[in-house]
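Residues per chain are reported as follows:
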Amino acid sequence: MKKSDLILIAIAVIILIPIALLLVNTKSGDKALVKSDGQTIDVLDLSVDGTYRYENKYGFNIVEVRDKNVRVIEADCPGHDCINKGFIKRNNESVICLPHHFEVIISSDKEEYDVVVQ
Ligand SMILES: [Zn+2]
């Protein structure tokens, strides 16, 4: 193997490793922003399943994270529009509970790619 080949391989490794790490990071970077009265009150990691209860002066909402999907499973709002919305998972999708001024929005670090797909 020539010396110039080794240098090329070394350069390729140096360039590819950060790109690979970046791809892994953006893949696991999916999250949901929880907003109350326009303020972000919590950020949920979609790779961790769980249920979360949020309460403000208008009422409460219980949010479930499961298999990278998010939904509102319980709330004391009239109409239950937020519960009827069901699961969301796409970037920028949101569940809004108007009576509670409550909102859950899917967010991601790889936003540009999803916009192209949409
Ligand atoms: Zn609601």
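Residues numbered from 1 in each chain as written. Predicted model: local features only at pLDDT ≥ 70, side-chain atom pairs only at ≥ 80, totals over all residues.

(A) Highlighting the overall build of the protein. Helix and strand counts for the protein come out as three helices and seven strands. Ordered by position from N to C terminus, the α and β elements of the protein give α-β-β-β-β-β-α-β-β-α. Among the 118 residues that make up the protein, the fraction classed as buried is 17%. (Helix = DSSP H or I, 4+ residues; strand = E, 2+ residues; numbered from the N terminus. Buried ≥ 20, exposed ≤ 12 C-beta atoms within 10 Å, placed from the backbone.)

(B) Highlighting the nonpolar core. By size, the foremost hydrophobic cluster in this structure holds 16 residues, and its most contacted members are Ala32, Val34, Leu44, Val63, Val70, Val72 and Val104. Among the secondary structure elements, those contributing two or more residues to this core are strand 1 (31-36), strand 4 (59-66), strand 5 (69-75), strand 6 (94-97) and strand 7 (102-107). Ignoring sequence-local partners within four residues, the contact set of Leu44 consists of Lys31, Ala32, Val34, Tyr52, Val65 and Val70. (Core = buried A, V, L, I, M, F, W, Y, C linked by C-beta atoms within 7 Å. Contact = placed C-beta atoms within 7 Å.)

(C) Spatial organisation of the pairing of strand 2 (residues 39-45). Relative to strand 2, strand 1 is paired through six bridges, and the arrangement is antiparallel. Among the inter-strand pairings, Lys31 is bridged to a residue of strand 2, identified as Asp45. Between the antiparallel neighbours strand 1 and strand 2 lie two residues, among them Asp37 with a positive phi of about 55°. (Pairing = 2+ DSSP bridges.)

(D) Layout of the sheet that holds strand 1. On the basis of which strands lie adjacent, the open sheet formed by four strands has the order 2-1-7-6 and antiparallel pairing. The open sheet is flanked by strand 2 and strand 6, the only strands paired with a single partner. Averaged over all pairs of adjacent strands, the angle between strand axes in this sheet comes to 20°, irrespective of strand direction. The pairing of strand 6 with strand 7 spans four bridges and is antiparallel. The residue bridging Ile96 from the neighbouring strand is Glu103, located in strand 7. (Axes fitted to C-alpha atoms, helices over the stretch in contact; angles between N-to-C directions.)

Interpretation in functional terms is not warranted from these geometric data alone.
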